[in-house]
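A look at the structure
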Amino acid sequence: MSGTEVGIAIAGKVAENLLVDRIFNPIWNRIARVFKWKTNLKNLEKEVKKLVAESESVQKFMEAADRRGEEALPNVKIWLAAAEKYIGEMKLEDDEDKAKKKCFLGLCPNARARYQISKKVEEYLVDVTRLLKEADKFEIPDFYCPPKSTAPVNKGFEDFESRTPDLDRVMEALRRAGTDKIGVYGMPGVGKTMLAKEVARRAEEAHLFDAIVFASVTKDPDLKRIQGEIADKLDLQLHGETEFGRANQLKAYLKNKKRILVILDDIWSRLDLDELGIPFEEKKNEASSIGEEQMQCKILHTSRFLDVLSRDMDTNQNFDVRPLRDEEAWELLKKIVGDEIENSGLQLTAMEIAKECAGLPLAIQSLGKALRGKGSYEWRDALLQLKKPSLENFTGISANVYSAIELSYKYLEREELKQTFLLCSCLGQNAYIEDVLTYGIGLSLFQNVSTIGEARDRLLTLVSNLKSCSLLLDGNSDTRIKLHDIVFDVAISIASKDNHGLILTHDNIPKKWSDREAMGDVKWISIRHANISELPDELECPQLTLFYLASKNPSMKIPDNFFRGMPNLRVLDFTRMHFSSMPPSICLLKNLHTLHMNRSVIKDIAIVAELSGLKVLSLSGSDIEELPVEIGHLTQLKFLDLSYCTKLKVIRPHVLESLSRLEELDLQNSFNQWDANGLGNQRNASLVELKNLHYLVALDLHACDVQLVSEDLFSERLKRYKIFIGDVWSRWDRSFRSSKILKLELNTSISYEHSICMLMKKTEELHLEKLKGVKNIVSELDAEGLQELKYLYVQNAHEIQHIISSVRQIPSHAFSSLELKSLFPFSIARRLLKLEEIRVTDCSDMLEFVKEERQGATNDIDIAEEDPNFELAQLRSLKLQYLPKFIRLCHENEETNDSSSSPAPLFNAKVAFPSLEELEIFGLKKLRIIWHHQLPADSFCKLKILSICCCDKLLNIFPSYMLARLLTSVEELVVVSCGSLKEIFELGELNVEESRAVVNTMLREFVLVRLPRLKHLWSKNPSGILTLRNLQTVVAVGCQNLQNMFPASVAMGLQQLEVLNIPVCLMMKEVVALEEGDETVPRFVLSRLSTLKLCVLPGLKYFYPQKHVIESPMLKDFYLDLRNSFKETEGERLGKFPVQLPLFSIKKV
């Protein structure tokens, strides 16, 4: 080829490409837009769903960061704002409507409209795709979802008739605009706290507020504790050391909540809300500018004193809680003691005791529980003491109430119970259980125990007993216990008398300290929140066994000889103190067993090593930077608490392993600078030292790298642990749901024999991160199936393919302890776009499939309001088996729930199932209704197989509003052992239009087994409503009350029926029922019927009760139990039938 020809060829090719690129492609793209507008729209919908899900994850991450007091990066905020903008502005409904319309008298599609929407969709797709790519660059970790409920648990609330108006009035005031400070007052013990908690519960139930917090103030308010109590309810981490810093953080968080209810219980004097961190004035000013309904903060106070509420707290409206009426007091006492009290000869005495308790529930409950099971003489003696109380110099409590609580104390049968009760009062109204434990160990309170674990079990038993006597209450968390304010006051009075205790809470210098004779008998000294500037040079207290001082004055010094006169001191607690060094006289405390220096500033504590008998050392929350080498000399130490010592960076080698008697070591949120074993220049301890602690049974620690953990490190002896391995774990909760917790980041594979895998076998709460090289959690980490596991969290594990790849790979008892209450949070469930099969079996605690996440209307993208529904588009099989507590697939919106009292349907409008083909519902004991009456239009339209078994409360299968949808797709129906089922097809509520449309069902197989209450398949005659023309197999076994199978009009359409098997239906009178007013001779053409079995039907009289014709030329297998008695109908007997039977009146077979 010549150069000219080559040039011409190249030019031609270039021209061709230019022609295609510049002319044909643009023209084709425009034409394609017209035809591809639906495809483009569907693609956009899919991408928008991804964007919504991604934005929700980012929003939740920002929420979690906000709760921790952290701030998200600016680029994350910018991305979220852009995503919200696109989601909010993407309105295509009008364009879609135009595209669907046709022009030219409806003959042609509207090409212009279709082109425009297609172009707009393509532009949106470019932006959405860009946002999704940007989101992939964010490192958004999984977050902890706080509990939905922030209202306090209100156990034991009694709904007295006289209290109903009080509750209604307070609820009305909460709803009323302009009423922002509400007070509840009344006598001590009358039930103010219970009423306030019930108000919180009802307010949350009614979704009146976005956040509801409850805090107990008490007589001597500790702002830090109250702030912490509020923060705990909000799952907010407060980082500030000072009350001012914590208040600012609390205010910043609460300002972002639109509607807040703060309940401050037991107020004794003015409390500055601003100092506490409640942004009341700011919210009030904001509400006045933008509207009360949009932004409000309401405060509910309770107090004994009306003037404190109206004068000091400036309440708008106050409500008086009055004592119970006599009849209510008597009913309450009967409920506590038992109705047998009316028949035991004690009724009159008991009624008088109820009256003497002055209508105060607290007094009635505590005394009733104390006298329960007692003899008549003890009841009479209690009444005598109530009538002649011995209260001296005690203000604020009526004499009879004091005597009732004191009697409850006296009737405690064991000294251990009494001393535990008084010890709790020594630690304040909201004591930590662990503090009571370590104090009790120091005082040798618990008899016949030898280990910390045994002492803890004994304490929990004692606490449970005291709660059952109403002397103790549940605390604000599982780690605390609480005393009612009256019980607390009485307990202090008793402790002062019986234990010679000096328990002070006021800001004064104890005057008794200068009285040597008085101090000589004192056994306990507890001074909380005292503003003491100095202590006496020497305190002569030869009987003193417990000294607790929590000072508000950080500059207070401890004199060198302060401890010289306390030779028998066994428990010493200095909280929030500043020590440059410990006083030398502490060395004289040879009997000291428990030493607490929590939340203190400590420079040098080496002298503590001189306390050779020490069993408990707690430095929790202190600012210690190095654990002295001398601590290793404490060879009798059993419990070392270094938790929340965030500045602790140095623990020298061999210090820990020297504590040879150590049973419990707590290093949570503390030291994690472990050195690798064998390093020549080792600065810190290595984890290998723990192997030498042969008594260690409880361990909390954090190791930043799994390589630091030797294969045989963790002992089988460990019974309680919180072990974090990896550098991704930063969150330590003070309250955990389990006692055996393992958080594991795995960047390398580990063997079965590794001590971590051994630990997994008994772990109850397991968090897994990354898991490099692990594809199947169970088979690769614990082939026995994690039998103790209750809670499982997996995050950022991109190589994981299965939790369990096959049931055959694990034993039947795998995951036997897992407390699975839901499968997915809402934000995750809506992202399962390709999920095809779900099977949930034997989860005894599961309540629902999708867990609702929102806590009311918040500032974030409100899932329930922005896009409340989603679909599992690819799901084809759903099997729910043996879930006795299961209620529903997904929580229902309030607006779609017609009645709060009506049973929740299994399926509602929140989740659509457009592709579901198989549905199995086995063993859902609480299920009453399967379908909501307002389901998405395309939901369940492809369902082919429906199997229902052992749902004892289920009322029907096909309600009238689901007939047309389900019966045009369902081919197989199996219903077994549903004890409440009375009908299969509900036809009673069909309207006129529906009744005119005949439903041609696709049902082929119809099996009913053991339905004892089933009388009819239909609620009314289905003639003209539906047909069963495709039905091939009918089996009805053990339906004892079933009276017939089909009406004549339906039976005449069973041309495809092949098998009819009806055994053990004792009340069946006829197979085909006579229809009212029908006098014709019906013709039943059963042309494909090959098997007919009628057996153990003692009530059966007819196949059809009048003259009829049957054609069944294919019948081969016929079985009839001849023990039955039948009546002959008029007409001809059987012609070519194998036996002559009076059951039929027929012409042909």
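All residue numbers here refer to positions counted from 1 along the written sequence of the relevant chain. It should be noted that, the model being predicted, local features are given only for residues of pLDDT at least 70 and side-chain atom pairs only at 80 or more, the latter also being counted only at that level, while totals for whole chains, interfaces and linings use all residues. Heavy atoms throughout the structure, all of them, feed into the side-chain values; hydrogens and water do not.

- The name recorded for the protein chain in an unreviewed UniProt entry is AAA+ ATPase domain-containing protein, from Rubroshorea leprosula.

**Thoughts on a negative patch on the surface**
- Patch construction takes residues with relative accessible area above 30% that form no salt bridge. Like charges are linked within 9 Å, and nonpolar side chains (Val, Leu, Ile, Met, Phe, Trp, Tyr) are linked within 5 Å. Each accessible area value is a Shrake-Rupley result obtained with a 1.4 Å probe; residue values ignore everything except the protein chains displayed when judging cover. The rule for a salt bridge is simple: a side-chain nitrogen of Lys or Arg has to be within 4 Å of a carboxyl oxygen of Asp or Glu. Neither His nor the chain termini are counted; the positive set is Lys and Arg, and the negative set is Asp and Glu. Positions of charges follow a simple convention, taking NZ of Lys, CZ of Arg, CG of Asp or CD of Glu. Taken together, Glu-534, Asp-537, Glu-538 and Glu-540 make up a surface patch of like negative charges.
- As for its placement among the helices and strands, Glu-538 is situated in the loop between β12 (524-530) and β13 (546-551).
- Burial here depends on accessible area, computed with a 1.4 Å probe over protein chains only, as a share of the maximum for the residue type. Under 20% is buried, over 50% is exposed, and the range in between is partly exposed. Note on Glu-538: relative accessible area 33%, which makes it partly exposed. For helices the rule is a DSSP run of H or I covering at least 4 residues; for strands it is a run of E covering at least 2, with both sets numbered from the N terminus onward.

**Description of the environment of Ile-433**
- Inspection of the secondary structure puts Ile-433 in helix α19 (residues 433-442).
- A C-alpha to C-alpha distance of 8.5 Å links Ile-433 and Leu-459, two positions 26 residues apart in sequence.
- Every residue pair with non-hydrogen atoms within 4.5 Å of one another is taken to be in contact. Ignoring any residue separated from it by four or fewer positions in sequence, one finds Ile-433 in contact with Leu-459, Leu-460, Asp-478, Thr-479, Arg-480 and Ile-481.

**Concerning the packing of aromatic side chains**
- Only rings of Phe, Tyr and Trp enter the pairing, Trp through its six-membered ring, and a pair is recorded when the two centres are within 6.5 Å. The plane angle decides the type: under 30 degrees is stacked, over 60 is edge-to-face, the rest tilted. All chains considered together, the criterion is met by 20 aromatic pairs.
- Ring centres of Tyr-439 and Tyr-548 lie 6.5 Å apart, and the angle between their planes is 75 degrees; this geometry places the pair in the edge-to-face category. Of this pair, Tyr-439 sits in helix α19 while Tyr-548 sits in strand β13, placing them 109 residues apart in sequence.
- On the basis of relative accessibility, which here comes to 0%, the residue Tyr-439 falls in the buried class.
- What makes Tyr-548 buried here is its relative accessible area of 10%.
- Between Phe-907 and Phe-940, the aromatic rings sit 4.8 Å apart at their centres with planes inclined by 70 degrees, giving edge-to-face as the arrangement. Residue Phe-907 is found in the loop between β33 (888-890) and β34 (911-912), and its partner Phe-940 is found in the loop between β35 (918-922) and β36 (945-949); the two are separated by 33 residues along the sequence. Per residue, the accessibility class of Phe-907 equals that of Phe-940, and both read buried.
- Each residue in the set Phe-547, Phe-562, Phe-563, Phe-574 and Phe-579 is aromatic and connected to the rest through ring pairs, giving one cluster.
- Placement of a positive charge over a ring is assigned whenever Lys NZ or Arg CZ falls within 6 Å of the ring centre and within 35 degrees of the normal to the ring plane. The ring of Tyr-432 is capped by Arg-480, whose NZ or CZ atom sits 3.9 Å from the centre of that ring.
- Above the plane of the ring of Tyr-695 lies Arg-661, whose end atom (NZ or CZ) is 4.4 Å from the centre.

**So, the sheet that holds strand β3 (residues 181-185)**
- The pairing criterion is simple: DSSP has to find at least two bridges between the two strands. In space, the five strands of this open sheet follow the order β4-β5-β6-β3-β7, with parallel pairing throughout. Each end of this open sheet is capped by a strand with a single partner; those strands are β4 (211-216) and β7 (317-320). With direction set aside, neighbouring strand axes in the sheet form an average angle of 15 degrees.
- Sheet topology places strand β5 (residues 259-267) next to strand β6 (residues 296-303); seven bridges connect them, and they run parallel. Each bridged residue has a counterpart across the sheet, and for Leu-261 the counterpart in β6 is Lys-298.
- Sitting on the sheet, helix α6 (residues 164-175) is in contact with β3, β5, β6 and β7, with an inclination near 170 degrees to β7. Between N-to-C directions, angles cover 0 to 180 degrees, with each direction set by a line fitted to C-alpha atoms, over the stretch in contact for helices.

**Quick notes on helix α20 (residues 452-468)**
- Working rule for helices: expected span equals 1.5 Å times residues minus one. Between its first and last C-alpha atoms α20 spans 24 Å; for 17 residues at 1.5 Å apiece the expected length is 24 Å, and the two agree.
- Where α20 is buried, its residues touch α18 (415-426), α19, β10 (480-482), β20 (639-641), β22 (664-666) and β24 (720-725).

**A few points about the pattern of salt bridges**
- Under the counting rule described, the total for this entry stands at 37 salt bridges.
- Of the charged contacts in the structure, one is a salt bridge between Lys-374 and Glu-413, with a shortest N-O distance of 3.3 Å. In this pair, Lys-374 sits in the loop between α15 (361-371) and α16 (376-387) while Glu-413 sits in the loop between α17 (399-410) and α18, placing the two residues 39 residues apart along the sequence.
- With a closest N to O distance of 3.1 Å, Glu-626 and Arg-652 form a salt bridge. Taken together, the positions of Glu-626 in strand β19 (residues 626-627) and Arg-652 in the loop between β21 (650-651) and β22 put the pair 26 residues apart, joining distant regions of the chain.
- Given a relative accessible area of 29%, Arg-652 falls into the partly exposed group.

**A word on the nonpolar core**
- Definition of nonpolar core: a set of buried residues of the types Ala, Val, Leu, Ile, Met, Phe, Trp, Tyr and Cys, connected through side-chain atoms within 4.5 Å. Core analysis: the largest hydrophobic core is formed by 98 residues, its most contacted members being Leu-300, Trp-379, Phe-421 and Leu-546.
- No other element matches the eight residues that helix α21 (residues 485-498) contributes to this core.
- When residues no more than four places from it in sequence are discounted, the contact partners of Leu-546 are Leu-423, Cys-426, Tyr-439, Leu-443, Lys-523, Trp-524, Ile-525, Leu-569 and Val-571.
- Listed in part, the 91 residues of the second largest apolar core include Trp-931, Leu-973, Leu-1008 and Leu-1017.

**Observations concerning the sheet that holds strand β9 (residues 473-474)**
- Taken together, the three strands give an open sheet; going across it, the order is β8-β10-β9, and neighbouring strands pair in antiparallel fashion. Each edge of the open sheet carries a strand with a single partner, namely β8 (430-432) and β9.
- With three bridges joining them, β8 and β10 adopt antiparallel strand pairing. Counterpart to Tyr-432 in the pairing with β10 is Arg-480.

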